Amino acid sequence: MVSALYFIFPKNAFSNETPGLYQTLETLIEVQDKSFAKKMKKLRNKISNLNNLKDPMTVELDPDFINHILFYSPSRYSSLAHKDRCSLYDLVLSGHLKDKEGQLRRFLIKYQTRKGKIKTSLVSKSTFLQKVAFKQCPQSQKFQKYFNMRNLKKTLKTITLEVPTSYDQCYKVYNEFVNDYKTPYLCQIYEQIKKVPALKIAIRNTPRSNFKLATKLKRSLSLSNDYKRVLNIKSYDYLKNLCDNIEKPKKFCHDFFELSFWKKIIKGEKSSIYIKNMCLEIYKRKSLTPRQFQKCARELSRDPGRCHYLNKFDRGLTPKPSCSNISKALNLSRLVSNYNDCPSKTGNEGILNIARVINHISPKKKFSDNLCQLESTKAFAQFSHEVNDGRDWNVHLCYEDKLNQKEVCLPTLLGEYPGSDLSMNLVVAKILRRTKGFGNEQKCSVISNKEYRPTLLEYKSGCYIIQSDKNCSGTNCKFKIMNDELEIKHITFKSDVLFTYFPVEYTKQNSSQFNLIQKHFKKKSRKMLNISFVKTIFKQKPNAIIQGIGCREDLLPTFFQKRSLNQCTPLPFIVDGYIEDKGTLSLVVRTALDSLHAPRIVSWSYVYSALKAYKDLHPMSLWGLYAIY
Amino acid sequence: MQFIKYVLVSLLFTIQVTAKLPELQTKQALNNIRFLTHDGKFTYYQQHNGELQLSTNYSNSSVMKSQKGTSYNIFGSSTRKSLIVEVRKSFHRNLNFFKPNDIYKIKFGEISPTKIGVGTAPKLSINDTWVTYFNPLTQEVTAKNILDLKKSHSIKLKNKINPYFIPQSAMATQDTLFYTDINDKGYMALIMYSFIEKKFTTVFKSNFPGMRLDFCIQDEKIILGEFTFDSLNRGSTISSIPLYDNSNFKKINTMYTSELDDIGNLTCSKENVYFIKTIDYNQKINVKKTEVAKISFKDNKLKIVTDLNYVTNVINMDGTILVPFRNKYYVAKGQSVLNKDQLKSEKE
């Protein structure tokens, strides 16, 4: 870097007076520009073909010319010119050096004629390369040959893009690249591929009348596409990291060890479940191949704003955080989340949060690919039946038991969940067996309003539970039951899901979900009073997560406002990580309104205010933040 | 960079910083109070058994009774003719965003409630003759005449993109409802609906998706804030839009801009608009330093009102501007000591 600076500012350029850094720089640039322009003007019409050149090895580029091109070229590549003149020629050949007008076409050189005279001349690029550069650096000519399109595939096979396993190794790899004469050629490939979107736009915007420009752009696009075919996605990402950070070793290595979550998905280190819903929405498909998931993860990695409104399947709070913030949060997150849920379709924030906690402390390997709300309601309902005979899962299908003259209610899920006795189709069939002599082999199916076509033969016989498409949640839904085209009217639906998350009465503490979970799963809990508690628990217990309830108006103040005194809406949430900067702490938070795979980074101050406001309204003055482990 | 931004904002608007604000002092335990008049004469408070009571002039009266675990919110306006009560049954046990609450009206300082509908986020408009509210289940904004409950208009939101969106709504005349909505690309707009013409007019559409519009109507103008939801780095603007002689609402006067994402939460008083301003932003950990700021309608001067660092809300309760922070309420404007019982002097 220092040597590059000497190129730009030769010693004599620094005058006696130094009025200030900015002014000096400005003056210098002006002086350089003037001096260079003067030389160019003088030689503009005298382009030499170097027929009288004595010795190509003694030819030198004019210092003003070097300063000029280094000034107008991307600084990150200029830094690669520090080794020797060959490294500068490699940058010329790979197209990284530019002059005021763009691509270099002419070179200003100083050379000795056969008569021994020192001359400054302007030469064309091809003359310079053939008569000077390739003579001085034959290796550069070889590189140019190796990296042309014909030989590129073969050449790339000989180059290893080494993925480092430690920071020390990474800095070593970085230094090797910086000192490698081939690096500019590798970056040329990346730069050409990078141009694709811009080229496409330029071609679209170029009028047909401008045939020359259009042809040039199309040729460039064709080259980009050729390069694209040769380079695989992983190599492209590697080169992107290298070439974008060629001056920044720390950033180059950061990318390997503090990878964005999306890149971890691309590499196969993380499951594609995290992006499944977003990618299905992007590609408007029902399923995607692993390659499509990789492509999608790359899109999320490149466009931070892409994640805000991808919400078709999650049905959570929007805008979601930016893709970069979600990635940051997921990298710090520990909640087991190998499934999808959908907050607004669940119909109860408490159920959703409890299901997330249960799925964390008692992870399942398989999840249904059915209605997303059933993942939460099934976990909650099953837990409720295991711990207190389903007292808290108050969603029932009822019928009149005429024999005993009483109403009988059976708990149900609002949909089909394979393997669960609470599946609505099984519960309805059970009731029909008791009341209508339904056969053991006869079955019911749950379908949506949209699917049901009474005119089709398929629906003329059999039992169908037809759910409304609108306002149908995991706890409440309008539906009708058709059996052999006749509507079943003696089965009624009751739903009143009321339960306590944390205790609200001293005498009924054991019946709160918080206490039931601890007891049933034999887990410990600890109250989180301040940030030290939070940091300690995450450091000491690798599986610990924190669950809490606070006022949403304090937790998410940009989404929900306070308009009256003591206004508060309790909102359950999970904390499963933290990030710290200069003593200030933020938490990785999933509120029960947020998509499972889109956690937010929330200031501890907001969490604290939310807990404090809720505590003031709580009958037991409960500080609702507990770690479970 | 933040420093430069701060300097730029300082150059555009004269910022004054205030001293520490006094805390609100009340006779009742503050966490039980739901509404308090600016002079402390009327206090609506709730009891643990689910009862809402009015305390005034050394006497207590029951306003309404509900089951244990019910929580109340009370909303007023500067007109002081009516109050709106939002009743939230099973406050701790029913954690369901979409459950609409019962909404009642009572005469200001009185105790007889009348049910007017179900929903949330009620707001009084036009001298307390109309109330607007939102039903999250049906996604409808309703405007109802308090004096004649049969006069009612409902608009279904177009929003499909955010299931948890609660629009703001208010009325400017007997015929016009203003409310916010979001389109399927995430752009929020302030829309005017005319009951007579049954016509929708877009007053203002946000410049980017993910922007949030806050508004209040004050003295024949709309005060409109354009803020961002979270970490979008789009900056903030507050404008004033005249309600009349403003064809298609083209006349928009910018009162304030900032390159930082303010929290916003606009609250209007007669002389000022209050909002939550971001002073500093640590992008790495998504932490904002925020304070209450006010802009004077008279000269557009900006003043930072608090020095609490992490303020998120500001409330106008019967003309008293309150700043809730942790478990305290600071008084930004109005009387803070409302716990002194003094016998009236002879002159009074």
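It should be emphasised that the depicted structure is a prediction, and the values quoted were computed from it without experimental measurement.

Draft legend 1. Structural context of the overall build of chain B. Looking only at helices and strands, chain B has 1 helix and 29 strands in total. Against the compact-globule benchmark of 20 Å for 348 residues, chain B has a radius of gyration of 21 Å, which places it among compact chains. Along the first, second and third principal axes, the C-alpha set of chain B runs to 55 × 50 × 45 Å. When burial is assessed residue by residue, chain B has 46% of its 348 residues classed as buried. Residue pairs at least 24 apart in sequence account for 40% of intrachain contacts in chain B once pairs closer than 6 positions are excluded.

Draft legend 2. The domain arrangement of chain B, seen in detail. Residue and element names in this part refer to chain B. As far as domains go, chain B holds domain 1 (1-32 + 206-340) and domain 2 (37-158). Counting from both sides, the interface comprises 10 residues of domain 1 and, opposite them, 11 residues of domain 2. Taken together, the residues of the side of domain 1 that touches domain 2 break down into 2 nonpolar, 6 polar and 2 charged.

Draft legend 3. Spatial organisation of the nonpolar core. Counting residues in hydrophobic clusters, the biggest one holds 188 residues, and the most contacted among them are Val428(A) and Val323(B). Considering every element that reaches this core, the biggest residue donor is helix 26 (residues 604-617) of chain A, with 7 residues. Filtering out sequence-adjacent residues up to four positions away, Val323(B) remains in contact with Leu21(B), Val292(B), Thr306(B), Val311(B), Val314(B), Tyr329(B), Tyr330(B) and Ala332(B). One finds Phe36(A), Leu61(A), Ile189(A) and Tyr190(A) within the second-largest nonpolar core, a separate group that totals 44 residues.

Draft legend 4. A look at the interface of chain A and chain B. The partner chain B presents 46 residues to the 50 residues of chain A that form the contact. Within the residue set of the side of chain A that touches chain B, elements represented by two or more residues are helix 20 (349-361), helix 25 (552-555), strand 16 (570-581), strand 17 (584-591), strand 18 (600-603) and helix 26 of chain A. A per-element tally of the side of chain A that touches chain B places helix 26 of chain A first, with 6 residues. Across the side of chain A that touches chain B, the residue classes tally to 20 nonpolar, 21 polar and 9 charged.

Draft legend 5. Representation of the packing of helix 5 (residues 85-93) of chain A against helix 7 (residues 138-146) of chain A in the model. Residues and elements named next belong to chain A. Orientation of helix 5 relative to helix 7, taken along the N-to-C sense of each, is 25°, at an axis distance of 9 Å. As summarised for this structure, helix 5 and helix 7 are arranged roughly parallel, according to the angle between their axes. The two elements helix 5 and helix 7 cross, and the hand of that crossing is right-handed. Side by side, helix 5 and helix 7 meet where Cys-86, Tyr-89, Asp-90 and Leu-93 of the first sit next to Gln-139, Ser-140, Phe-143 and Gln-144 of the second. Each residue belonging to the contact of helix 5 with helix 7 can be placed in one class, and the counts come to 4 nonpolar, 3 polar and 1 charged.

Draft legend 6. Main features of the sheet that holds strand 6 (residues 118-124) of chain A. Residues and elements named next belong to chain A. Spatially, 1-6-5-2 is the arrangement adopted by the 4 strands of the open sheet, whose pairing is mixed. Two strands close off the open sheet at either side, each with one partner strand: strand 1 (47-48) and strand 2 (60-61). Summarising the sheet, strand 2 and strand 5 (residues 106-112) pair through 2 bridges and their orientation is antiparallel. In the sheet register, Glu-60 faces strand 5, and the bridge partner there is Lys-110. Strands in contact with helix 6 (residues 125-136) are strand 5 and strand 6; relative to strand 6, the strand with the most contacts, it is inclined by about 120°.

Draft legend 7. Spotlight on the environment of Trp262(A). Residues and elements named next belong to chain A. Mapped onto the elements of the fold, Trp-262 is located in helix 15 (residues 261-266). The class of Trp-262 is buried, set by 25 C-beta atoms lying within 10 Å. When the C-alpha positions of Trp-262 and Lys-251 are compared, they lie 17 Å apart, and in sequence the two are 11 residues distant. Residues within four places of Trp-262 in sequence aside, it is in contact with Ala-297, Leu-300, Ser-301 and Ser-327.

Criteria and cut-off values
- Residues numbered from 1 in each chain as written.
- Chains lettered and ligands numbered in written order.
- Predicted model: local features only at pLDDT ≥ 70, side-chain atom pairs only at ≥ 80, totals over all residues.
- Helix = DSSP H or I, 4+ residues; strand = E, 2+ residues; numbered from the N terminus.
- Rg over C-alpha atoms; globule rule 2.2 N^0.38 Å.
- Buried ≥ 20, exposed ≤ 12 C-beta atoms within 10 Å, placed from the backbone.
- Contact = placed C-beta atoms within 7 Å.
- Domains from an automatic or database assignment.
- Nonpolar A, V, L, I, M, F, W, Y, C, P; charged D, E, K, R; others polar.
- Core = buried A, V, L, I, M, F, W, Y, C linked by C-beta atoms within 7 Å.
- Axes fitted to C-alpha atoms, helices over the stretch in contact; angles between N-to-C directions.
- Parallel < 35°, antiparallel > 145°, perpendicular 65-115°, else oblique.
- Left-handed = near helix turned anticlockwise from the far one by under 90°.
- Pairing = 2+ DSSP bridges.

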